[in-house]
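Structural characterization, general
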Amino acid sequence: MIQVQGLNKWFGDHHVLRDIDLEVAQGEVVVVIGPSGSGKSTLCRCLNRLETAGSGDILIDGVPAPVEGRELARLRADVGMVFQSFNLFQHKSVLENVMLAPVKVRGVSRTEAESTARQLLARVGIAEQAGKLPAQLSGGQQQRAAIARALAMRPKVMLFDEPTSALDPEMVGEVLDVMVQLAADGMTMVVVTHEMGFARRAADRVVFMDGGQIVETAEPNAFFEAPKTDRARDFLAKVLTH
């Protein structure tokens, strides 16, 4: 579903991504972990062209990811993205937030869009919040609304860029539970996260990044129980002992 070959990205003189090769199969859940500044979020943002890569190829479902124009809009319709900071329209109700893109981008009728939106809000556990503005919801509810909004486009792939890092600890679980269910339903997902428990529970594969490179990739049990590289062992020793 996703093929990345020889991806490089610079911010000025800073080489943020270095020769990244990555494949994600249909229905696979890949969790990307690593220290801050390792390039995880930049990789995620390159996949739907929110960041333009310096070199390399990205294919989504066998089609090269376009850089601009209508084809890019089509790509973004097929690749849902959930951000750290929700990015909901504050002046629109939760229901309207979820309906907006299917109507404007996909050309879906308002009646159909509303029906789908209500089903999705029920699926993420906030059906009763449909008429409220985002500011009236908790952070966890807002992030679940953002997930419903992304799902409303019927994407082929879902990207999550640290979706729980802006949440209070007690709200993290409710968002991760929705993501675990999505994974169980067969959604292709790339998840950048610091939540090691989620990586163990839901990932088909863990990708460990450091210094703009993929240092190690393995199934969760193998990675957490017996990492192959010193860098991964050092990272896990720090994050799993606190």
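Here is a short report on the structure shown in this document. Quantities reported herein were computed from a predicted structural model and do not represent experimental measurements. (Residues numbered from 1 in each chain as written. Predicted model: local features only at pLDDT ≥ 70, side-chain atom pairs only at ≥ 80, totals over all residues. Heavy atoms only, no water.)

Observations regarding the sheet that holds strand S4 (residues 55-60)
Taken in spatial order, the 4 strands make up an open sheet running S2-S1-S4-S5, and their pairing is antiparallel. Across the chains shown, the open sheet's two edge strands, defined by having one partner strand only, are strand S2 (14-24) and strand S5 (63-64). With 7 bridges joining them, strand S1 (residues 2-11) and S2 adopt antiparallel strand pairing. For Leu 7, the partnering residue across the bridge sits in S2 and is Ile 20. (Pairing = 2+ DSSP bridges. Helix = DSSP H or I, 4+ residues; strand = E, 2+ residues; numbered from the N terminus.)

With respect to the sheet that holds strand S9 (residues 205-210)
Taken together, 6 strands build an open sheet; the order of strands is S6-S7-S8-S3-S9-S10 and the sheet is mixed. Across the chains shown, the open sheet's two edge strands, defined by having one partner strand only, are strand S6 (79-82) and strand S10 (213-218). Averaged over all pairs of adjacent strands, the angle between strand axes in this sheet comes to 20 degrees, irrespective of strand direction. Taken together, the 5 bridges between strand S7 (residues 157-161) and strand S8 (residues 188-192) define a ladder with parallel strand orientation. In the strand pairing of S8, Leu 159 is matched with Val 190. Contacts between helix H2 (residues 69-78) and the sheet are confined to S6 and S7, with S6 contributing the most and set at about 65 degrees to the helix. Sheet strands in contact with helix H6 (residues 169-184) are strand S3 (29-33), S7 and S8, and its direction is about 145 degrees off that of S8. (Axes fitted to C-alpha atoms, helices over the stretch in contact; angles between N-to-C directions. Contact = heavy atoms within 4.5 Å.)

Some details on the packing of aromatic side chains
Here the distance between the centres and the angle between the planes together describe a pair of aromatic rings. Per the counting criterion, the structure on display carries 3 aromatic pairs. Taking 5.2 Å as the distance between ring centres and 45 degrees as the angle between the ring planes, the aromatic pair formed by Phe 208 and Phe 235 counts as tilted. A residue pair is termed long-range when its members are at least 10 positions apart, and Phe 208 in strand S9 and Phe 235 in helix H9 (residues 230-239) qualify at 27 residues. Neither Phe 208 nor Phe 235 differs from the other in exposure class; each is buried. With 5.3 Å between their ring centres and 85 degrees between their planes, Phe 223 and Phe 224 make a pair best called edge-to-face. On the accessibility criterion, Phe 224 (6% relative accessible area) is buried. Joined through ring pairs, the aromatic side chains of Phe 208, Phe 223, Phe 224 and Phe 235 make up one cluster. (Phe/Tyr/Trp six-rings, centres within 6.5 Å; stacked < 30°, edge-to-face > 60°. Buried < 20%, exposed > 50% of the residue type's maximum accessible area, 1.4 Å probe, protein only.)

Thoughts on unusual backbone geometry
In terms of backbone geometry, most residues other than glycine have negative phi values and most peptide bonds are trans. Positive phi, close to 50 degrees, is recorded for Asp 19, a residue that is not glycine. Among the structural elements, Asp 19 can be located in strand S2. Looking at Asp 19, the relative accessible area reads 55%, which means it is exposed. With a phi close to 50 degrees, Arg 154 is a non-glycine residue in the positive phi region. Note that Arg 154 resides in the loop between helix H5 (139-151) and S7.

In short, shape yes, function no, at least from these values alone.
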